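Residue-level listing of the chains:
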Amino acid sequence: MLPSLQESVDGDERELESSEEGGGSAEERRPERYSNSYYCLYSYQGYSSSEQAVDSDDGSPSSAAPETPSAEDFSIPEFRVGCYYCLLQQEKLLETATVETNISPPEYVTCFLGGSEKGLELFRLELDIYVQGLKTNLDSEKSNLETYIKPYLRSWFEDSVCPIQRVGQLFQEKLTFLLHAALSYTPVEVKNSDERIKKDIHRFLSAASLQGLIQEGTMTSLCIAMTEEHHKSVVIDCSGPQPQFHNAGSNKFCDDWMQAFLNGAEGGNPFLFRQILENFKLKAIQDTNNLKRFIRQAEMNHYALFKCFVFLKNCGSGDVLLKIVKVEQAEMPEAKNVITVLEEFMRETAVA
């Protein structure tokens, strides 16, 4: 069973703090510490076995050993950090490489250091996508390294780790609308904003959605159903001093988790923001699975149907969960009858 919302938030904060070497004083754990980040890009080029073999002084073949980088080539922080690394191969060069050259095309290893020891694991998907942006721009021109590659690598922490935190700080109490849109698969349109804010919002929605946690076919059907039902996207207008939402919805479940984000904002820790978001998704999946179990029982047990009523009333997100289950159980006649009764109950509850 998942911990309560507040226990989850408190536990994640303690884990992120304890992962720092030695704990340290309050001054040492200041929020600025999470923004310290490091990057490096290594390139190497291999040779065929015939090209690598060289003759020693006595005429016998020996292998040319690669030069080992010195310690000065690495930036090593004074506390534990997370490490991400990725091998990049250039497909175009692989296709054009010829056997006659005996030279393999250059390959690159990208390495990022930053954040807490375990926190960087939460952003694996974002970092994978970010590193792919280098593929089309890595070439042999030195000018490209200065004009594009270095600035791109330098921004990895701000562009991959911080968007969720920035969105939370930007929207404050209105974050509940974004959480509801992500949970209900409602499309979101951003107007009159700069490109960075727009990208941050869509990255937040992508991270907050249940994609990967439920079946892909269910997601597609749910997106279609939600679009047809609402007929309108949630519109975020950023033209004024504060973003304004139109056609937005919310529920108690999203309101409670929004409060968790507000509480987490005090520490200035982007990894805590992401952990709260992961817990939000896991709790939604747990509630969905519980509802599906109750519905299966209710097909032959009226007491289980009553348990469905109670669960939908108390979970805080019954409006969304019932729609998710309805899409998944569309081809099951017995479950369809139960869901019809539950929908009527939800309508009566909303009116009351």
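Scope of this entry: the structure provided in the associated data block.

About the criteria used
Starting from 1, residues in each chain are numbered consecutively following that chain's sequence as written. Restriction of local features to residues with pLDDT of at least 70 applies here, the model being predicted, together with a cutoff of 80 or more for giving and counting side-chain atom pairs; totals for whole chains, interfaces and linings are based on all residues. Side-chain figures throughout are based on the complete set of non-hydrogen atoms in the structure, without hydrogens or water. By definition, any uninterrupted DSSP run of H or I lasting at least four residues is a helix, any uninterrupted run of E lasting at least two residues is a strand, and each is numbered from the N terminus. Think of it in three bands: with a 1.4 Å probe and only protein chains considered, a residue is buried below 20% of the maximum accessible area for its type, exposed above 50%, and partly exposed in between. Two residues form a contact once any of their heavy atoms are found within 4.5 Å. Per-residue and other accessible areas were derived by the Shrake-Rupley procedure at a 1.4 Å probe size, with only the shown protein chains allowed to occlude residues. Two strands are said to pair when DSSP picks up at least two bridges between them. All axes here are fitted lines through C-alpha atoms, helices being fitted over the stretch that makes contact, and every angle between N-to-C directions spans 0 to 180 degrees. Residues belong to one nonpolar core when they are buried, are Ala, Val, Leu, Ile, Met, Phe, Trp, Tyr or Cys, and are joined through side-chain atoms within 4.5 Å. Angular relationships are summarised with four words: roughly parallel below 35 degrees, roughly antiparallel beyond 145, roughly perpendicular across 65 to 115, and oblique for the angles in between. Helix crossings get a hand from a simple test, with the near helix turned counterclockwise from the far one by less than a right angle marking a left-handed crossing and a clockwise turn marking a right-handed one. Any residue outside Ala, Val, Leu, Ile, Met, Phe, Trp, Tyr, Cys, Pro, Asp, Glu, Lys and Arg is labelled polar, Gly included; the first ten of those are nonpolar and the last four are charged.

### Some words on the overall build of the protein
Scanning the protein from N- to C-terminus turns up 15 helices and 8 strands. Taken across its 352 residues, the protein has 39% of its residues classed as buried. The contacts of the protein with a sequence gap of at least 6 include a subset with a gap of at least 24, amounting to 76%. For the protein, the accessible surface area stands at approximately 20100 Å², while carbon and sulfur atoms represent 52% of it.

### Observations concerning unusual backbone geometry
Positive phi values are uncommon outside glycine, yet Tyr185 reaches one of about 60°. Counting through the fold element by element, Tyr185 comes out in the loop between helix H8 (175-184) and strand E6 (188-191). According to the relative accessible area criterion, Tyr185 is buried, its value standing at 8%. The phi dihedral of Asn192 is positive, around 55°, even though this residue is not glycine. Among the secondary structure elements, Asn192 is positioned in the loop between E6 and helix H9 (195-208).

### What to know about the sheet that holds strand E1 (residues 37-44)
Taken in spatial order, the 3 strands of this open sheet run E1-E5-E4, and their pairing is antiparallel. A single partner strand is all that each edge strand has here, and the edge strands are E1 and strand E4 (82-89). Taking the axes of each pair of neighbouring strands and ignoring which way they run, one obtains an average angle of 15° across the sheet. With 8 bridges connecting them, E1 and strand E5 (residues 107-114) associate as antiparallel partners. Paired with Tyr39 across the strands is Phe112, a residue of E5. The sheet contacts of helix H4 (residues 124-132) involve E4 and E5, and relative to E4 the element is tilted by about 35°.

### Comments concerning the nonpolar core
Note on soluble globular proteins: their nonpolar side chains tend to be buried together. Of all hydrophobic cores here, the largest spans 58 residues; its most connected members are Leu178, Leu179, Phe204, Ile236 and Leu277. Sort the elements by how many residues they give to this core and helix H12 (residues 270-298) lands first, with 8 residues. Setting aside anything within four residues of it in sequence, one finds Leu277 in contact with Ile164, Leu179, Phe204, Ala207, Ala208 and Phe261. Among the nonpolar cores identified, the runner-up in size contains 19 residues, and Ala304, Cys308, Leu321 and Ala335 belong to it.

### Considering the sheet that holds E6
Spatial ordering of the open sheet is given by E6-E7-E8, a layout of 3 strands whose pairing is mixed. Each having just a single partner strand, E6 and strand E8 (244-246) make up the two edges of the open sheet. Geometrically, the sheet is characterised by an average inter-axis angle of 20° between neighbouring strands, direction not taken into account. As paired strands, E6 and strand E7 (residues 234-237) are joined by 4 bridges and run parallel to one another. Within E7, the position partnered with Glu189 by the bridge is Val235. The strands touched by H9 within the sheet are E6 and E7, with E6 carrying the most contacts at an inclination of about 165°.

### Brief notes about the pairing of E4
Covered by surrounding structure in E4 are Gly82, Tyr84, Cys86 and Leu88 only, the residues Cys83, Tyr85, Leu87 and Gln89 on the alternate face being uncovered. Relative to E5, E4 is paired through 8 bridges, and the arrangement is antiparallel. Bridge pairing in E5 links Leu88 to Tyr108.

### Some points on the packing of H8 against helix H14 (residues 318-328)
Here H8 crosses H14 at 15°, and the two axes come no closer than 10 Å. The orientation of H8 relative to H14 falls into the category roughly parallel. Crossing angle aside, the handedness with which H8 passes H14 is right-handed. Touching His180, Leu183 and Ser184 of H8 are Asp319, Val320 and Ile324, all from H14. Looking at side-chain class alone, the contact of H8 with H14 contains 3 nonpolar, 2 polar and 1 charged residues.

Keep in mind these values describe shape, not function.
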